[in-house]
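Examining the three-dimensional arrangement
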Amino acid sequence: MGLYSTTYNYAQNHPEDFWSEAAEQLVWQKRWDKVLDDNNSPFTKWFSGGKINTCYNALDVHLAAGRGEQAAIIYDSPVTETKEILSYNDLYERVSAFAGVLVKYGVTYGDRVIIYMPMIPETVIAMLACTRIGAIHSVVFGGFASNELAKRIDDAKPKLIVSSSCGIEPGRVVSYKPLLNGALALAKHQPDKCIIVQRKMEQADLDHQRDIEWFDAHTGSNPVDCVEVSALDPVYILYTSGTTGVPKGVVRPTGGHLVSLKWSMKNIFDVNPGEVYWAASDVGWVVGHSYIVYAPLLHGCTSVLYEGKPVGTPDAGAFWRVISEHKVSCMFTAPTAIRAIKKEDPSGDLIKKYDMSFLRSQFLAGERCDPDTLRWTEKLLKVPVIDHWWQTETGWPIASNCLGLEQLPIKPGSPTCAVPSWNIEVLDSSCKPVKAGEIGAISIKLPLPPGALSTLWQNNQRFIESYMEDYPGYYQTGDAGIIDEDNYLHVMSRTDDIINVAGHRLSTGGIEQVLASHPDVAECAVLGVADNLKGQVPLGLLVLKDGVHKPGQEIVNDVIKLVREEIGPVASFRTAVVVDRLPKTRSGKILRGTIKLIADGEPFDVPATIDDPLILDEIANILSKIGYPG
Ligand code: COA
Ligand code: AMP
């Protein structure tokens, strides 16, 4: 039996020993009383009684261990032509100072701080500063519009918001401050203060009653030390798309978060302290939280903070430039990024300019990785390319090839097997495990391992309803797939209304709510259709109200604009079409799945419950006029 299987079995049979050994790798202010307390399942408690501080383990311990001079963060920003190295000493000083600023403005243990920021060092500093004083951060991705930010403000009720004058997208400056002002105009809850980083590319107008510039905010404050927090306290809330327009506030418990991330760096990614690790994601997503900020720092690595794109900043060799220049040994990105590179540089010529000798592995996640993309990347990089599967909720990989334990054979299209401590089963609708090779709902047998969400912010009921009710005794991942005869998992699709656009998770229900708010729209459906670059993109079908005589294209343009304003550019909502009616079951349920199969050119059975089968031909005709199937 190999090391993967032995470790998996050990974690399965002796979870408390397995996780207490992993927890020894961190510095605790007070050791836990109980490793696993599952008396109130599914509200599992890991390391209860323990006291620990995230920032202490990410920064202070490394100074004591002599890593002060080592780079903690390499900020590499082709969009602003800036590079900056922050050593562990620098980061420690700036984080302790900003923690003092938070204290000066009255932020204390348990208060929430919203961070609406681009990919700049101040974002990481603000996150760590919150953890230093036991405040709970909630980072909101910059590609979301005011309305989405307002929803998060009203749910998290932050004492303070940290933001920036602008973000930089290729070819345009994204003015964050007007978006923040718009959100505050919509939100019922108001923070006491907003601290604004003024960037050179655009200075924001400040409201001097409420806003303070980042450096000015430091006046009169003093650096502060780490406070003790309970292992069960939330370290952060991260909002993610649910099946409705109301985002879910995933709560991450401090102790489990630290222990699982630290364990994952060596055992999954096979990275050692002192090495350079790069997750080319955004701090607004879970990948950014776990693998740009926390895991690399907890492990004493150097993390690359990249403010750029895989292509266009300046070309499709951008990733290879960063890997070679900063001597990256392990890289993580989404398959979409690789597809974008492949599209522009299909024979991979640009990589020849760079010394890639430091790179040992390339990890991919965030969406299904098609075998072609995986094979192309393997051929180009000549290192193991590892598809791994996880979610905002889980915080770290559920299934992966664990390179630090033992590299298993790679099967393109599969993220390999369950990571130790994750007990994956594929269930049928009556909650029974299906046979090997049969498709079903991918579920995790409870208890969930440390680091997984502990609840949804102030909404235990929604936590139970969303994840725990349909398959009692299991966490429902919302993904469908199979476990094959070699025990390899294959994640095929979502079972709900969530779609994955360029590795970004979106709710079609949320987009439908926006379309339905248009005064001329009677009914609508949004589905995720296959896209060669982004994996999926949303497609809208609109039925207009009787008596509307405006040209359909005018209404289509309106709704596209509306989605951009209400949800944000990240929704990539660019295509909608007016139809006379939508296919429905006799009970009135819109057959979104069937429309999707038509748009993707996939075979489908006409559902027995369909109201009027002829509508399917009508829909196929209309979709073919706008290029579907593509
Ligand atoms: N702030 C403001 N706007 C943002 C943004 C941010 N942080 N991130 C993206 N956007 C905007 C983009 O500018 C674009 O706007 P546009 O409609 O005006 O062009 C829109 O949101 C859609 O962005 P995106 O889906 O990223 O598409 P793109 O065409 O700009 O870029 C790729 C295509 C492939 C280069 C890009 O999707 C990519 O880098 N993907 C990698 C995905 C990834 O890292 N995912 C993280 C999960 S691991
Ligand atoms: P997010 O919470 O934004 O990270 O999105 C999580 C969802 O992305 C999962 O539930 C899957 O649907 C999808 N996903 C992430 N990684 C993979 C992968 N390696 N293979 C297939 N789907 C994936």
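Per chain, the residues get numbers from 1 upward, laid out in the order the sequence is written. Working convention: letters from A go to chains and numbers from 1 go to ligands, in the order in which they are written. In keeping with the predicted nature of the model, local features appear solely for residues at pLDDT of at least 70, side-chain atom pairs appear and are counted solely at 80 or more, and the whole-chain, interface and lining totals rest on all residues. Excluded from the side-chain calculation are hydrogens and water; included are all heavy atoms of the structure.

The next point concerns the overall build of the protein chain. Each helix and strand counted, the protein chain has 18 helices and 33 strands in total. In terms of its C-alpha atoms, the protein chain occupies a principal-axis envelope of roughly 70 × 65 × 55 Å. Three exposure classes are used, based on accessible area relative to the maximum for each residue type with a 1.4 Å probe and protein chains only: buried under 20%, partly exposed in between, and exposed over 50%. Within the span of the protein chain, comprising 630 residues, buried residues form 60% of the whole. Here a residue-residue contact requires only that any non-hydrogen atoms of the pair lie within 4.5 Å. A separation of at least 24 residues holds for 70% of the contacts in the protein chain among residues at least 6 apart in sequence. Only the protein chains shown count as cover for residues, with accessible areas throughout obtained via the Shrake-Rupley method and a probe of 1.4 Å. Carbon and sulfur atoms form 50% of the exposed surface of the protein chain, whose accessible area is close to 23,900 Å². For the protein chain, the centre of its 59 positive side-chain charges and the centre of its 76 negative side-chain charges are spaced 1 Å apart. Here a strand is any run of E in DSSP of at least two residues, a helix any run of H or I of at least four, and the numbering for each starts at the N terminus. When charges are counted, neither His nor the chain ends are considered; positive counts come from Lys and Arg and negative counts from Asp and Glu. The atom standing in for a charge is NZ when the residue is Lys, CZ when it is Arg, CG when it is Asp and CD when it is Glu.

Now for the sheet that holds strand S24 (residues 424–427). One open sheet accounts for 4 strands, arranged S24-S25-S27-S28; its pairing is antiparallel. Pairing within the sheet leaves two strands with one partner each, and these edge strands are S24 and strand S28 (489–494). Strand-to-strand, the axes of this sheet are offset by a mean angle of 50°, without reference to chain direction. For two strands to be treated as a pair, DSSP must find no fewer than two bridges joining them. With axes taken as lines fitted to C-alpha atoms, and helix axes fitted only over the stretch in contact, angles between N-to-C directions fall between 0 and 180 degrees.

A few words on the site of ligand 1. Any residue with a heavy atom lying within 4 Å of a molecule or strand is counted as near it. Ligand 1 sits among 26 residues. The nearest are Glu-169, Arg-172, Lys-534, Arg-564 and Arg-574. For this analysis, a polar contact is any N or O atom pair within 3.5 Å, provided that within protein one partner can donate a hydrogen and the other can accept it, and provided that sequence-adjacent residues contribute only side-chain to side-chain pairs. The contact in question runs from a nitrogen atom of ligand 1 to an N or O atom on the backbone of Gly-143, over 3.4 Å. Ala-280 is positioned with one of its backbone polar atoms (N or O) 3.4 Å from an oxygen atom of ligand 1. Considering ligand 1 on its own, with 930 Å² of exposed area, one finds that the protein chains cover 84% of that surface. Within the residue set of the shell around ligand 1, elements represented by two or more residues are strand S11 (172–175) and helix H12 (335–344).

Moving on, we get to the pairing of S24. Across the two faces of S24 the burial is the same, with Ile-424 and Val-426 and Glu-425 and Leu-427 all buried. Inspection of the sheet shows S24 paired to strand S25 (residues 440–445) by 4 bridges, in the antiparallel sense. By the bridge assignment, Glu-425 is partnered in S25 with Ser-443.

As a matter of local geometry, ligand 2 sits amid 14 residues, with His-388, Thr-392, Asp-479, Arg-494 and Arg-505 nearest to it. Within the side chain of Asp-479, an N or O atom sits 2.6 Å from an oxygen atom of ligand 2. Look at ligand 2: alone it shows 490 Å² of surface, and the protein chains cover 92% of it. Residues belonging to the shell around ligand 2 are distributed by class as follows: 3 nonpolar, 5 polar and 6 charged. Charged residues are taken to be Asp, Glu, Lys and Arg, nonpolar residues to be Ala, Val, Leu, Ile, Met, Phe, Trp, Tyr, Cys and Pro, and polar residues to be all remaining types, Gly included.

Attention now moves to the nonpolar core. Core analysis: the largest hydrophobic core is formed by 117 residues, its most contacted members being Leu-128 and Tyr-291. For this core, the element with the highest residue contribution is helix H10 (residues 286–298), accounting for 9 residues. We call a set of buried Ala, Val, Leu, Ile, Met, Phe, Trp, Tyr and Cys residues a nonpolar core when their side-chain atoms join them within 4.5 Å.

It is generally the case that most residues other than glycine have a negative phi and that most peptide bonds are trans. Cis geometry marks the peptide bond from Ser-41 to Pro-42, where omega comes out at 5°. With respect to the element layout, Pro-42 can be found in the loop between strand S2 (34–37) and strand S3 (45–48). Of note, the bond from Thr-313 into Pro-314 is cis; its omega dihedral lies within 30 degrees of zero at 0°. Assignment of secondary structure puts Pro-314 in the loop between strand S18 (302–306) and helix H11 (318–326). At Cys-431, a residue that is not glycine, the phi angle is positive and equals roughly 70°. With respect to the secondary-structure elements, Cys-431 resides in the loop between S24 and S25. Phi at Ser-572 is positive, roughly 50°, even though this residue is not glycine. Overall, Ser-572 belongs to the buried group, its relative accessible area being 9%.

If you trace the 7 strands from one edge of the open sheet to the other, you get S6-S5-S18-S17-S19-S20-S21, paired in mixed fashion. Each end of this open sheet is capped by a strand with a single partner; those strands are strand S6 (82–87) and strand S21 (385–387). Averaged over neighbouring strand pairs, the angle between their axes works out to 20° when direction is ignored. Where strand S17 (residues 276–279) and S18 come together, 2 bridges link them in parallel fashion. Following the sheet pairing, Tyr-277 is matched in S18 by Ser-303.

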